[in-house]
Amino acid sequence: MWNKYGAALANSMRTEEAMNAYKIAIDLRPNYVRTLVNIGLANNNQTKFDDAIVSFLNALILNPKAEHIWGYIR
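Worth saying up front: this structure is predicted, and the values here are computed from it rather than measured.

Calculation rules
Residues numbered from 1 in each chain as written. Predicted model: local features only at pLDDT ≥ 70, side-chain atom pairs only at ≥ 80, totals over all residues. Heavy atoms only, no water. pLDDT = per-residue confidence, 0-100. Helix = DSSP H or I, 4+ residues; strand = E, 2+ residues; numbered from the N terminus. Core = buried A, V, L, I, M, F, W, Y, C linked by side-chain atoms within 4.5 Å. Buried < 20%, exposed > 50% of the residue type's maximum accessible area, 1.4 Å probe, protein only. Contact = heavy atoms within 4.5 Å.

Student: What exactly am I supposed to notice about the confidence of the model for the protein chain here?
Tutor: Keep in mind that low pLDDT regions are not for reading the predicted coordinates in detail. Averaged over all residues, the pLDDT of the protein chain is 94; the fraction at 70 or higher stands at 100%. Mean pLDDT across the elements of the protein chain bottoms out in helix α5 (residues 67-73) (92) and peaks in helix α4 (residues 49-62) (96).

As structure tokens, this is what we get:
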């Protein structure tokens, strides 16, 4: 639920609030790949590319077959 809330906030351009929601989501489920990807996307949108790559790579470690994540990295 926190991940979905974060995504709704991010889509409303409320990135800082979205990141807070994503942090709660990760605290509750540290291995939830979708939240890691969403954090990466939010960082990417803020031009925090180094942070975005870390999130995307952590997501790939958990799910190496998630080919769509490579598209975000490119």
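Additional details are given in the paragraphs that follow.
Student: Can you help me understand the nonpolar core in this one?
Tutor: Nonpolar side chains tend toward joint burial in soluble globular proteins. Tyr22, Val37, Ala59 and Ile69 are the most contacted members of the largest nonpolar core, which has 17 residues in total. Those elements that place two or more of their residues in this core are α2 (15-28), α3 (33-45) and α4. Apart from the residues lying within four places of it in its own chain, the contact partners of Tyr22 are Asn3, Gly6, Ala7, Ala10, Thr35, Asn38, Ile39 and Ala42.

Student: It is not clear to me how the side chain of Thr15 should be interpreted in this structure. Could you clarify?
Tutor: Following the sequence through the fold, Thr15 ends up in helix α2. Beyond its immediate stretch of four places on either side in the chain, Thr15 contacts Ala42 and Gln46.

Student: Just to check I follow, could you spell out unusual backbone geometry for this structure?
Tutor: A negative phi holds for most residues other than glycine; trans holds for most peptide bonds. Unusually for a residue other than glycine, Met13 sits at a positive phi of about 65°. Overall, the relative accessible area of 70% leaves Met13 in the exposed class. Positive phi is not limited to glycine here, since Thr47 has a value of about 60°. The topology assignment puts Thr47 in the loop between α3 and α4. Residue classification places Thr47 among the exposed positions, given a relative accessible area of 55%.

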